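Chain by chain, the residues run as shown.
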Amino acid sequence: MKIEHFAIQVADPVAMAGWYVKHLGCSIARATGEPVHMHFIKDSSGTVMMELYRNPKVAVPDYAAMDPLLLHLAFLSDNPAADRDRLVAAGASVVEDLVTTAAGDQLIMLRDPWHVALQLVKRAKPMLATGK
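Before going into details, it helps to say that this report is about the structure given with it.

Conventions we followed
Residues numbered from 1 in each chain as written. Predicted model: local features only at pLDDT ≥ 70, side-chain atom pairs only at ≥ 80, totals over all residues. Heavy atoms only, no water. Buried < 20%, exposed > 50% of the residue type's maximum accessible area, 1.4 Å probe, protein only. Helix = DSSP H or I, 4+ residues; strand = E, 2+ residues; numbered from the N terminus. Arc of directions from axis to C-beta. Contact = heavy atoms within 4.5 Å. Core = buried A, V, L, I, M, F, W, Y, C linked by side-chain atoms within 4.5 Å. Phe/Tyr/Trp six-rings, centres within 6.5 Å; stacked < 30°, edge-to-face > 60°. Salt bridge = Lys/Arg side-chain N within 4 Å of Asp/Glu carboxyl O. Pairing = 2+ DSSP bridges. Axes fitted to C-alpha atoms, helices over the stretch in contact; angles between N-to-C directions.

Description of helix α2 (residues 80-89)
Thought 1: Of the positions making up α2, those classed as buried are P80, D83, R84 and L87. Along the long axis of α2, the arc covered by the buried residues comes to 105°, so they all point the same way.
Thought 2: Tucked inside the fold, the buried residues of α2 contact α1 (13-24), β6 (93-100), β7 (106-111) and β8 (117-122).
Thought 3: Just past α2, the residue G91 takes up positive phi, approximately 115°.

Right, dumping it as structure tokens:
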């Protein structure tokens, strides 16, 4: 089976979806209005989709208090340092700057403006069949 999407409860799905479209190359596959403002957004490959929503039945997690190792969204990047600078200028913040793993992967951990952890990844050896 193929994963269709994953979902995260966020404080402002409308603004967050817009930021991901503008700054991470995502596109909106479907959006709804009140009460949850559900936004399904696809990555630039069109093969990965996430749902951003705010359902009043449950609280929004305190992403700022969560260690990024508990939850993060990883985006492939050809140039993590340049993307870091671009995203910081757009409101993201650096959690852990550029590191290179023993496998040769380059990683940077950020938080988007809603404090959800974003990882920028440049793999030394690609792990997926499709790229960006």
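This is not the end of the story, as more comes after the structure.
Some words on the nonpolar core
Thought 1: Core analysis: the biggest nonpolar cluster contains 21 residues, and I8, Y20, L24, L52, L73, F75 and L118 have the highest contact counts within it.
Thought 2: For this core, the secondary-structure elements that each account for two or more residues are α1, β4 (49-53), β5 (73-76), β7 and β8.
Thought 3: If near-sequence neighbours (up to four positions away) are discounted, F75 is found in contact with Y20, L24, C26, M50, L118, Q119, L120 and V121.

Considerations on unusual backbone geometry
Thought 1: That bond from E34 to P35 is cis: its omega, 0°, falls within 30 degrees of zero.
Thought 2: Mapped onto the fold, P35 is located in the loop between β2 (27-31) and β3 (39-42).
Thought 3: Residues other than glycine seldom take positive phi values, yet H37 does so here, at roughly 50°.
Thought 4: Within the secondary structure, H37 sits in the loop between β2 and β3.
Thought 5: You will see that H115, though not glycine, has its phi angle at about 75°, which is positive.
Thought 6: Residue placement: H115 occurs in the loop between β7 and β8.
Thought 7: Using a relative accessible area of 39% as the deciding quantity, one classes H115 as partly exposed.

Considering the packing of aromatic side chains
Thought 1: According to the stated counting rule, one finds three aromatic pairs in the structure shown.
Thought 2: Three or more aromatic residues joined by ring pairs form one cluster here, namely W19, Y20, F75 and W114.

Examining the pattern of salt bridges
Thought 1: Counted under the stated rule, the structure contains four salt bridges.
Thought 2: Residues R86 and D83 are paired through a salt bridge, measuring 3.2 Å at the closest nitrogen-oxygen approach. Here D83 and R86 lie together in helix α2, a separation of three residues that amounts to about one turn.
Thought 3: Take R86: its relative accessible area is 38%, and that puts it in the partly exposed class.
Thought 4: One network of salt bridges, in which partners are shared, links R84, D85 and D97.

As for the sheet that holds β7
Thought 1: Here we have four strands laid out as an open sheet, ordered β5-β8-β7-β6, and mixed in their pairing. For this open sheet the edge positions go to β5 and β6, each flanked by a neighbour on one side alone. Pairs of neighbouring strands in the sheet enclose a mean axial angle of 20°, with direction left out of account.
Thought 2: Judged from the four bridges that link them, β5 and β8 form a sheet pairing that is parallel. Its bridge partner being in β8, A74 is matched across the sheet by Q119.
Thought 3: Running at roughly 10° to β7, α2 makes contact with β6, β7 and β8 of the sheet.

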